[in-house]
Amino acid sequence: MFDFEGQTIIITGGTRGIGKGISEAFLKAGARVITTYSTNESAAARFKRDNEQFAGSLDVRKFDVTGYEEVEEFFRYIETEYGSFEVLVNNAGIRKDSVLAMMKESDWHDVMNVNLTGIFYMCKLAVMSLMRKRYGRIINIGSVMERYAFEGQANYAASKAGLVALTRSLSKEVATRGITVNCVSPGFITTELIHDLPDKLREAYLARIPLKRFGEPEEVAACVLFLASREASYVTGSLLEVAGGL
Ligand code: NDP
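Residues numbered from 1 in each chain as written. Predicted model: local features only at pLDDT ≥ 70, side-chain atom pairs only at ≥ 80, totals over all residues. Heavy atoms only, no water.

Caption draft 1: Just the nonpolar core, in detail. Ranked by internal contacts, the top residues of the largest apolar core, which has 32 residues, are Phe4, Ile22, Phe26, Val89, Ile139, Val184 and Val224. Mapped by element, the contributors of at least two residues to this core are strand 1 (8–11), helix 1 (17–28), strand 2 (32–37), helix 2 (41–50), strand 3 (58–62), strand 4 (87–90), strand 5 (136–141) and helix 8 (217–228). It is helix 8 that contributes the most residues to this core, 7 residues altogether. Setting aside chain neighbours within four positions, we find Val184 in contact with Ile139, Asn140, Ile141, Gly142, Val220, Val224, Leu227, Leu240 and Val242. Counting 26 residues, the second-largest nonpolar core is a separate cluster that includes Phe63, Cys123, Leu125 and Leu170. (Core = buried A, V, L, I, M, F, W, Y, C linked by side-chain atoms within 4.5 Å. Buried < 20%, exposed > 50% of the residue type's maximum accessible area, 1.4 Å probe, protein only. Helix = DSSP H or I, 4+ residues; strand = E, 2+ residues; numbered from the N terminus. Contact = heavy atoms within 4.5 Å.)

See the structure below:
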């Protein structure tokens, strides 16, 4: 669809789920891809095996986006190994659902730390490098839950709503430097993140989706590639929902 030959792309949480779909779409579009994960070694190894044909343009790194020093070290590595990069996709995210009155304090902080603070760290360090380059694309993966805020997801919905605000604010700060910052908000996408949905709830959600099915990681990836392309030069501070009409 789009040509990313010669471009270097960073994707967090890119070895499984939606991130895997995004990493593979960029690889197929000719990019050099640095994809990251935090703990799941077997998924990372499987991802590497599945993409052996792209070994020359694929780098899989392990670090936790919630650790500022780890994020700093990652960007030092990027500078040393690659000099610079063109695109950052902040995809890593978690959910730890429960009704607010029963929510563990640690579940609140864990979700905020990965889904919001981790993206702040990644953006802060990425922007320094992209500003020097006077070109860049940042795409943050949100969720339609920032708008729907279903019960049991106060932490998740609040983190994703915060991410939209971060996206809009940052987009204004860096617009004159040739950097665009946008948000892609998926609806229900078939990944491990929603494997634990009880059947009854799954049926209820499906009934509410006009397209009557959950989406696939590749369908999110296609939208990310558009926003990451040079062609999307006049789109910034925007939110693109990929949710089957939900
Ligand atoms: P998965 O659970 O399948 O994958 C999550 C990814 O994030 C994994 O690669 C995981 O690494 C990584 N990750 C988790 N915590 C950290 C951390 N602290 N530091 C670095 N990486 C981390 O999730 P999905 O693919 O389903 O979701 C991807 C994004 O899409 C998330 O932001 C999610 O909120 C959003 N989304 C998903 C929807 C869905 O229906 N699936 C709907 C709406 C939004 P590791 O493999 O090591 O665990």
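Caption draft 2: Expanded view of the pairing of strand 2. Summarising burial for strand 2: 5 of the 6 residues are buried, a large majority. Following the backbone out of strand 1, through helix 1 and into the adjacent parallel strand 2, one traces a crossover that is right-handed. Sheet analysis places strand 2 next to strand 3, joined by 5 bridges and oriented parallel. Bridge pairing links Ile34 to Asp59 in strand 3. (Right-handed = clockwise from strand over helix to strand, strands pointing away. Pairing = 2+ DSSP bridges.)

Caption draft 3: Representation of the packing of aromatic side chains in the model. The final tally for this structure, using the stated rule, is 12 aromatic pairs. Ring geometry for Phe2 against Phe226: centres 6.1 Å apart, planes inclined by 45 degrees, an arrangement best described as tilted. You can see Phe2 sitting in the segment before strand 1 and its partner Phe226 sitting in helix 8, a full 224 residues away along the chain. By way of ring pairs, the aromatic residues Tyr148, Phe150, Phe188, Tyr205 and Phe214 are connected into one cluster. One cation-aromatic arrangement involves Arg61 over Tyr77; the distance from NZ or CZ to the ring centre is 3.8 Å. (Phe/Tyr/Trp six-rings, centres within 6.5 Å; stacked < 30°, edge-to-face > 60°. Lys NZ or Arg CZ within 6 Å of the ring centre and 35° of its normal.)

Caption draft 4: Just the pattern of salt bridges, in detail. Following the criterion strictly, the structure yields 11 salt bridges and no others. For Arg95, the salt bridge goes to Asp196, with nearest N and O atoms at 3.0 Å. Residue Arg95 is located in the loop between strand 4 and helix 4 (105–133), and its partner Asp196 is located in the loop between strand 6 (179–186) and helix 7 (199–208); the two are separated by 101 residues in the primary sequence. Residue Asp196 is classed as exposed on the basis of its relative accessible area of 53%. Among the ionic pairs, Arg147 bridges to Glu241, the shortest N-O distance being 2.8 Å. One end of the pair, Arg147, is in helix 5 (residues 145–148); the other, Glu241, is in strand 7 (residues 239–242), with 94 residues separating them in the sequence. (Salt bridge = Lys/Arg side-chain N within 4 Å of Asp/Glu carboxyl O.)

Caption draft 5: Summary view of the site of the ligand. Near the ligand there are 28 residues, and of these Arg16, Thr39, Tyr156, Gly187 and Thr191 occur at the shortest range. Backbone polar atom of Gly13 to an oxygen atom of the ligand: 3.3 Å apart, as the coordinates give it. Burial of the ligand by the protein chains amounts to 95% of its free accessible area of 910 Å². Of all the secondary-structure elements, those providing two or more residues to the shell around the ligand are helix 1 and helix 6 (154–174). Partitioned by chemical class, the residues of the shell around the ligand number 14 nonpolar, 11 polar and 3 charged. (Near = heavy atom within 4 Å. Polar contact = N/O pair within 3.5 Å; in protein donor to acceptor, adjacent residues only side chain to side chain. Areas by Shrake-Rupley, 256 points an atom, 1.4 Å probe, with all protein chains shown as cover. Nonpolar A, V, L, I, M, F, W, Y, C, P; charged D, E, K, R; others polar.)

Caption draft 6: Here's a closer look at the side chain of Asn155. As for its placement among the helices and strands, Asn155 is situated in helix 6. There is a polar contact of 2.9 Å between the side chain of Asn155 and the backbone oxygen of Lys96. Discounting chain neighbours no more than four positions away, the residues touching Asn155 are Lys96, Met103, Asp107, Trp108, Val111 and Met112.

Caption draft 7: Highlighting the packing of helix 1 against helix 8. Here helix 1 crosses helix 8 at 55 degrees, and the two axes come no closer than 8 Å. Regarding the angle of helix 1 to helix 8, the classification is oblique. As for the relative orientation of helix 1 and helix 8, their crossing is right-handed in sense. Counted together, Gly17, Ile18, Gly21, Ile22, Ala25 and Phe26 of helix 1 and Pro217, Val220, Ala221, Val224, Leu225 and Ala228 of helix 8 form the full contact between these two elements. Here the residues of the contact of helix 1 with helix 8 sort into 10 nonpolar, 2 polar and no charged. (Axes fitted to C-alpha atoms, helices over the stretch in contact; angles between N-to-C directions. Parallel < 35°, antiparallel > 145°, perpendicular 65-115°, else oblique. Left-handed = near helix turned anticlockwise from the far one by under 90°.)

Caption draft 8: Structural view of helix 8. Along its 12 residues, helix 8 runs 16 Å from first to last C-alpha, staying within 8% of the 16 Å computed at 1.5 Å per residue. Structurally, helix 8 contributes buried residues whose contacts are with helix 1, strand 4, strand 5, strand 6 and strand 7. (Expected span 1.5 Å × (residues − 1).)

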